[in-house]
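# Structural overview
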Amino acid sequence: MILNTGLRTDIPGFFSKWFYNRIDEGFVYVRSPYAKNQIYSYKLNPELIDCIIFCTKNPQPMFQSLEKIDKFNQFWQITINPYEKEIEPNVPPVDDVLESFKYLSDKLGKEKVSLRYDPIFINEEYSLESHIESFEYIANSEYTTEAVISFIDLYEKTIRNFPGVREVNKEERLKIGEEFARIGRENKLNIKTCVEGTELDKFGLDSSGCMTKEVVERTIGKNLNIPKQKARNGECYCLLNNDIGSYNTCNHGCLYCYANSNMKLVKRNLKLHNPNSPLLIGEIEENDNIREMNQKSFIDTDKSKQTKLI
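Residues numbered from 1 in each chain as written. Predicted model: local features only at pLDDT ≥ 70, side-chain atom pairs only at ≥ 80, totals over all residues. Heavy atoms only, no water.

### With respect to the overall build of the chain
Tallying secondary structure elements over the chain gives 8 helices and 9 strands in all. A compact globule built from 310 residues should have a C-alpha radius of gyration of about 19 Å, and the chain, at 19 Å, falls within 12% of that. Dimensions of the chain, computed from the C-alpha atoms along their principal axes, are close to 55 × 50 × 40 Å. Burial statistics for the chain: of 310 residues in total, 55% are counted as buried. For the chain, the share of sequence-separated contacts (at least 6 apart) that also reach a separation of at least 24 residues comes to 73%. In the structure as shown, the chain presents an accessible area of about 15100 Å², 46% of it carried by carbon and sulfur atoms. (Helix = DSSP H or I, 4+ residues; strand = E, 2+ residues; numbered from the N terminus. Rg over C-alpha atoms; globule rule 2.2 N^0.38 Å. Buried < 20%, exposed > 50% of the residue type's maximum accessible area, 1.4 Å probe, protein only. Contact = heavy atoms within 4.5 Å. Areas by Shrake-Rupley, 256 points an atom, 1.4 Å probe, with all protein chains shown as cover.)

What follows is the structure, given as structure tokens:
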């Protein structure tokens, strides 16, 4: 199975101690975001988990005990944006995250780390030209083989928390596609889009997905026998199940965040965090129903072979 850690919050950035405690204990509980008293139990066993996917804006807090997860296959997708504190209040400076990115690349191999530049929005402060300049500064093929980009989505909570934000129009998207493709060619980077359709494919961008079966196979160097799944949003085949995070817990405070309703709720939830609990937030309650998940490896043991890395 594939274990995700970053669709609902930033575990490396804020909950590394809790995560390593779960690794030591060998299991984790996850409260369903849709049924209050339903809890899912996962064994943290490298024989069952084919790859742990980390999505983070700040991997540095994980570095003190990385050896604890050496036995697991890992894929890190690290978001590095050009935005200042008025947009991303608690995200470390770009150069600090770049240093963390380089550290992970040197330690794990550049095929196991991916750059994410997302979401892209445009206003008076962050112009089309400034995005092109920023991406050129951040992109460096010495430390990764790919970069993923995406444009801002105007969810209701995003509009509420980020007044005045607007969608990136077609002319701007095409210009970014053309220029980012150029930067990719110059740096020998595969530039991918995330749920943006095929509009930018004509420039050489790759719309095949950023966490797909093929991406994980390339990362771990083995073939996976994963049951066919339906596309999310009609076009996304990324492996996004089995996430161990919780919504409304990410303290980065980004105005565009889809995973937080508001920061008051985040602060309230963080007070309930106990690094020694099997749950990310809170404790087991009397009426909780704990369901042990059916976990199995997807690695094709009969046909497993080294997959060519980019």
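### Details of the nonpolar core
The biggest cluster of nonpolar side chains holds 73 residues, and the ones touching the most others in it are Phe-19, Ile-69, Trp-76, Phe-135, Ile-149, Phe-180 and Ile-244. Apart from residues no more than four positions distant in its own chain, Ile-69 is found in contact with Phe-19, Tyr-20, Ile-23, Phe-54, Met-62 and Gln-74. (Core = buried A, V, L, I, M, F, W, Y, C linked by side-chain atoms within 4.5 Å.)

### Looking at the packing of aromatic side chains
This model, assessed by the stated rule, comprises 14 aromatic pairs. Consider the rings of Tyr-83 and Phe-121, whose centres lie 4.5 Å apart with planes at 20°: the pair is stacked. Within this pair, whereas Tyr-83 is found in the loop between strand E5 (74–79) and helix H3 (94–108), its partner Phe-121 is found in the loop between strand E6 (113–120) and helix H4 (128–138), the two being separated by 38 residues in sequence. Across the pair, exposure class does not vary: Tyr-83 and Phe-121 are buried alike. Arranged with centres 4.1 Å apart and planes meeting at 5°, the rings of Phe-135 and Phe-180 form a pair that is stacked. (Phe/Tyr/Trp six-rings, centres within 6.5 Å; stacked < 30°, edge-to-face > 60°.)

### Structural notes on the side chain of Thr-79
Structurally, Thr-79 can be placed in strand E5. Judged by its relative accessible area of 10%, Thr-79 is buried.

### Examining a nonpolar patch on the surface
A surface patch of nonpolar side chains, about 490 Å² in accessible area, is lined by Tyr-34, Tyr-155, Tyr-247 and Tyr-258. Along the chain, the position of Tyr-155 falls in the loop between strand E7 (146–151) and helix H5 (156–161). (Patch = residues over 30% accessible without salt bridge, like charges linked within 9 Å, V, L, I, M, F, W, Y side chains within 5 Å. Salt bridge = Lys/Arg side-chain N within 4 Å of Asp/Glu carboxyl O.)

### Regarding unusual backbone geometry
Cis geometry is found at the peptide bond from Asp-118 to Pro-119, where omega equals 0°. Relative to the helices and strands, Pro-119 resides in strand E6. One non-glycine residue, Lys-188, adopts positive backbone phi at about 55°. Relative to the assigned elements, Lys-188 resides in the loop between helix H6 (170–187) and strand E8 (190–193).

### Notes on a negative patch on the surface
Together, Glu-84, Glu-86, Glu-124 and Glu-125 make up a region of like negative charge exposed at the surface. Within the secondary structure, Glu-124 is located in the loop between E6 and H4. (Lys, Arg positive; Asp, Glu negative; His and termini not counted. Charge placed at Lys NZ, Arg CZ, Asp CG, Glu CD.)

### Some remarks on the pattern of salt bridges
Counted by the stated rule, this structure contains 14 salt bridges. The residue Lys-43 makes a salt bridge to Glu-292 at a minimum N-O spacing of 2.2 Å. Here Lys-43, found in strand E3 (residues 38–43), pairs with Glu-292, found in strand E9 (residues 289–292); they are 249 residues apart in sequence, far enough to count as distant. Residue Glu-179 pairs with Lys-175 through a salt bridge whose shortest N-O separation is 3.7 Å. Remark: Lys-175 and Glu-179 occur in helix H6; sequence separation between them is 4 residues, near one turn of the helix.

### Some details on the environment of Lys-43
Its relative accessible area of 35% is what places Lys-43 among the partly exposed residues. When the C-alpha positions of Lys-43 and Arg-22 are compared, they lie 9.5 Å apart, and in sequence the two are 21 residues distant. Leave out the neighbours within four places in its chain, and Lys-43 touches Gly-26, Phe-27, Leu-48, Ile-49, Glu-292 and Gln-295.

### Overview of the side chain of Lys-112
Take Lys-112: it is sitting in the loop between H3 and E6. One buried charged residue, Lys-112, remains without a salt bridge, the closest side chain of opposite sign being Glu-111 at 4.3 Å. Setting aside residues up to four positions removed in sequence, Lys-112 forms contacts with Gln-74, Phe-75, Trp-76, Thr-219 and Ile-220.

### Focus on the sheet that holds strand E2 (residues 27–31)
Within a sheet, neighbouring strands are paired by backbone hydrogen bonds and run either parallel or antiparallel to one another. Ordered by their spatial adjacency, 3 strands build an open sheet running E2-E3-E9, and the pairing between neighbours is mixed. In this open sheet, the two strands that pair with only one neighbour each are E2 and E9. Going from strand to strand, the sheet's axes swing by 30° on average, the running direction of each strand aside. Pairing between E3 and E9: 4 bridges, direction parallel. (Pairing = 2+ DSSP bridges. Axes fitted to C-alpha atoms, helices over the stretch in contact; angles between N-to-C directions.)

### Let's talk about the pairing of E2
A regular strand carries its side chains on alternate faces of the sheet. Across the 5 residues that make up E2, a large majority, 4, are buried. Between E2 and E3, which pair antiparallel in sequence order, lie 6 residues.

### Structural notes on helix H7 (residues 213–220)
With 6 of 8 residues buried, H7 lies mostly within the body of the structure. Along H7, the residues that are buried comprise Val-215, Val-216, Glu-217, Arg-218, Thr-219 and Ile-220. Those residues of H7 hidden inside the fold are in contact with strand E1 (2–4), strand E4 (51–56), E5, E7 and E8. Phi turns positive, to about 70°, at Gly-221, one or two residues after H7.

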